Amino acid sequence: MGIILIGAVQAGGGVFEQSPCKGEQPAAVALADVDADGIADVVAAYRTGRMVSVSRGLGNGSFDEPQEFGVAAGSGPPPSAVAVRDLDHDGNADIVVATSPVAQGGRGLIYALYG
């Protein structure tokens, strides 16, 4: 799937190493400095497992192992979009995950993971 390639690490010779995304069926990917170290991190939302993962950038073109956070628990609709912003203006990046309104009878849900 092309969206995974966005965060893949170029290994040289036209070959890409494993993507920093973890899990199956990524619905959305965002690049943002989640941990305020000046290096871009990869945030991915997944349909399968109803989770978000954060892979911290190491500054050399590679990423740390993804940390997983559950969202849309139970039978709720799976994530369909992800964004990173400072919602509460505390200087820390917050992760916002939205679900598809189609999956919930025309009502989408929004989850916020505050940093």
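The text that follows walks through the structure, step by step, so that each part is easy to find. Within any chain, residue numbers begin from 1 and follow the written order of that chain's sequence. The predicted origin of the model limits local features to residues at a pLDDT of at least 70 and limits the giving and counting of side-chain atom pairs to 80 or more, whereas totals for whole chains, interfaces and linings rest on all residues. Working from all heavy atoms in the structure, the side-chain values ignore hydrogens and water.

**A closer look at the sheet that holds strand β5 (residues 51–55)**
The criterion, for reference: Two strands form a pair only when DSSP identifies at least two bridges running between them. We count a stretch as a helix when DSSP gives it H or I for four or more residues in a row; a strand needs E for two or more, and each element gets its number in order from the N terminus. Helix axes are fitted only over the stretch in contact, all axes being lines through C-alpha atoms; the angle between N-to-C directions runs from 0 to 180 degrees.
Ordered by their spatial adjacency, 4 strands build an open sheet running β3-β4-β5-β6, and the pairing between neighbours is antiparallel. Each edge of the open sheet carries a strand with a single partner, namely β3 (26–32) and β6 (67–70). Pairwise comparison of adjacent strand axes, ignoring direction, gives a mean angle of 20° for this sheet. Two elements, β5 and β6, share 4 bridges in a ladder whose sense is antiparallel. Looking across to β6, one finds that Met51 is bridged to Gly70.

**Some thoughts on the sheet that holds strand β7 (residues 79–85)**
The 3 strands are arranged β7-β8-β9 in an open sheet whose pairing can be described as antiparallel. Both outer strands of the open sheet, β7 and β9 (110–113), are each paired with one neighbouring strand and no more. On average, adjacent strands in this sheet sit at an angle of 20° to one another, irrespective of strand direction. When strand β8 (residues 94–99) meets β9, the two strands line up antiparallel, connected through 4 bridges. Looking across to β9, one finds that Val96 is bridged to Ala112.

Function cannot be inferred from these measures alone, as they are strictly geometric.
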